[in-house]
Amino acid sequence: MTVNANSISKVERESGSVFAPKFDSGGLLTAVVVDAESNEVLVVAFMNAEALAKTRESGRVHFWSRSRGELWLKGETSGNYLNVEEILVDCDQDALVIRAKADGPTCHTGARSCFYRRLDPEADDERALSPISR
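For every chain, the first residue of the written sequence is number 1, and numbering continues from 1 along that sequence. For this predicted model, a pLDDT threshold of at least 70 governs which residues receive local features, and a threshold of 80 or more governs which side-chain atom pairs are given and counted, while totals over whole chains, interfaces and linings are taken from all residues. The side-chain numbers reported here are obtained from all heavy atoms of the structure, hydrogens and water having been left aside.

Observations concerning the environment of Ser 9
Reasoning step 1: Within the fold, Ser 9 resides in the segment before helix H1 (10–15).
Reasoning step 2: In this structure Ser 9 comes out as partly exposed when scored by relative accessible area, which is 34%.
Reasoning step 3: Expressed as a C-alpha distance, the spacing of Ser 9 and Val 89, which sit 80 residues apart in the sequence, is 16 Å. To qualify as a helix, a DSSP run of H or I must reach at least 4 residues; to qualify as a strand, a run of E must reach at least 2; elements of each kind are numbered from the N terminus. Between buried and exposed lies partly exposed: a residue is buried under 20% and exposed over 50% of the maximum accessible area for its type, with that area taken using a 1.4 Å probe on protein chains only.

Quick look at the structure:
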C-alpha cells in the first residue's frame, strides 16, 4: 500500500517508519546509486513511482528517463544490471541512495561509473575536465 506523502506529519516523515516517498512536481525523485562495497558513486538518475516499485519488486534498479519519457531497467540492453543491496531514504523522503552491485560498467560510455572526470574549479572551461584514474 502506498502512503500519500502529504498525509504524514513532519515528525513521522523524518523519524517514523512509514515510507511515503515525496515525488517532485514532475513525479520524480533523485536516486544516487553507489557501489555496495566501495561506496563509489556509479550513477545519479531519477525514479517515478513505477520505477521505484519495479526496483523494490525485482531487486534490479529501474529509472525513469526524462529525455525519452519512459521507464528503463538499467542493464536491459547491455546486461550490466545494478543489483540492489540496500535502499537508503533521506530525511525528507525525496531522495534515495541505492547501494548496489554492478554486473559490469555502469556508464553508457563503458566506464565503471558515470563520474569518471574531475572538474578543476580554477581552470578555464576549455581545459577544466580531466580523467580520474582508479
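Once the structure has been displayed, the description carries forward.
Observations concerning the sheet that holds strand S5 (residues 82–89)
Reasoning step 1: Two strands form a pair only when DSSP identifies at least two bridges running between them. Spatially, the four strands line up as an open sheet ordered S2-S1-S6-S5, and their pairing is mixed. Looking along the sheet, the strands with just one partner apiece sit at the ends: strand S2 (41–47) and S5. Ignoring strand direction, the axes of neighbouring strands in this sheet form an average angle of 25°.
Reasoning step 2: Of the strand pairs in this sheet, strand S1 (residues 29–35) and strand S6 (residues 95–102) are connected by six bridges, and their pairing is parallel. Inter-axis angles, ranging from 0 to 180 degrees, are taken between N-to-C directions of lines fitted to C-alpha atoms, where helices are fitted over the stretch in contact.

Quick word on the pairing of S1
Reasoning step 1: Burial analysis of S1 places five of its seven residues in the buried class, which makes it a mostly covered element.
Reasoning step 2: When S1 meets S2, the two strands line up antiparallel, connected through six bridges. Considered in S2, the bridge of Thr 30 is made with Phe 46.
Reasoning step 3: Following S1, the chain reverses through five residues before pairing antiparallel with S2; Asn 39 in that reversal takes a positive phi of roughly 65°.

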